Amino acid sequence: MLRAIISNAKECGGKILTVEDHYPQGVGVGEAVLSAVALEKNIIVKKLAVQEVPRSGPPTVLLEKYGISGQK
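Residues numbered from 1 in each chain as written. Predicted model: local features only at pLDDT ≥ 70, side-chain atom pairs only at ≥ 80, totals over all residues. Heavy atoms only, no water.

A. Quick look at the overall build of the protein chain. Helix and strand content of the protein chain: three helices and two strands. Helices and strands in the protein chain line up, N terminus first, as α-β-α-β-α. Along the three orthogonal principal directions, the C-alpha set of the protein chain runs to about 40 × 25 × 15 Å. Looking at the 72 residues of the protein chain, the share that counts as buried comes to 29%. Computed over 9 positive and 7 negative side-chain charges, the inter-centroid distance for the protein chain is 6 Å. (Helix = DSSP H or I, 4+ residues; strand = E, 2+ residues; numbered from the N terminus. Buried < 20%, exposed > 50% of the residue type's maximum accessible area, 1.4 Å probe, protein only. Lys, Arg positive; Asp, Glu negative; His and termini not counted. Charge placed at Lys NZ, Arg CZ, Asp CG, Glu CD.)

Right, dumping it as structure tokens:
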């Protein structure tokens, strides 16, 4: 998996976007990807995650509320 992450990042111009449906802190996809590319040069990782206390609701409403939809 490590080689796949690095290979795909290089194919995309050294850019990675991770998306979390929870807080950015802690063990998640973003942290795993950051660890995988920590020693690589010219790879940028951006983490998209919920930045406030999560609430319940319809998925489309929540994606908009927390700014993680594709509408921006």
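B. Main features of the nonpolar core. Membership of the largest hydrophobic core is limited to nine residues, which are Ile5, Ile6, Ala9, Ile16, Val33, Ala36, Val37, Ile43 and Val45. If you list the elements that add at least two residues to this core, you get helix H1 (2-11) and helix H2 (29-36). Here isoleucine 5 is in contact with Ile16, Val33, Ala36 and Val37, once residues within four sequence places are set aside. (Core = buried A, V, L, I, M, F, W, Y, C linked by side-chain atoms within 4.5 Å. Contact = heavy atoms within 4.5 Å.)

C. View of unusual backbone geometry. A positive phi is found at asparagine 42, a non-glycine position, where the angle reads about 65°. Assignment of secondary structure puts asparagine 42 in the loop between H2 and strand S2 (44-48).

D. Fine view of the environment of tyrosine 23. Relative to the helices and strands, tyrosine 23 is located in the loop between strand S1 (15-19) and H2. We classify tyrosine 23 as partly exposed; its relative accessible area is 35%. Separated by 31 residues in sequence, tyrosine 23 and proline 54 place their C-alpha atoms 8.5 Å apart. If we ignore the near neighbours within four places in the chain, the residues touching tyrosine 23 are Ala49, Val50, Glu52, Val53 and Pro54.

E. Structural detail: the pairing of S1. Burial of the side chains of S1 is restricted to one face: Ile16 and Thr18 are buried, whereas none of Lys15, Leu17 and Val19 on the reverse face is. Taken together, the five bridges between S1 and S2 define a ladder with parallel strand orientation. Bridge pairing in S2 places valine 19 opposite leucine 48. Crossover S1 to S2 through H2 is right-handed. (Pairing = 2+ DSSP bridges. Right-handed = clockwise from strand over helix to strand, strands pointing away.)

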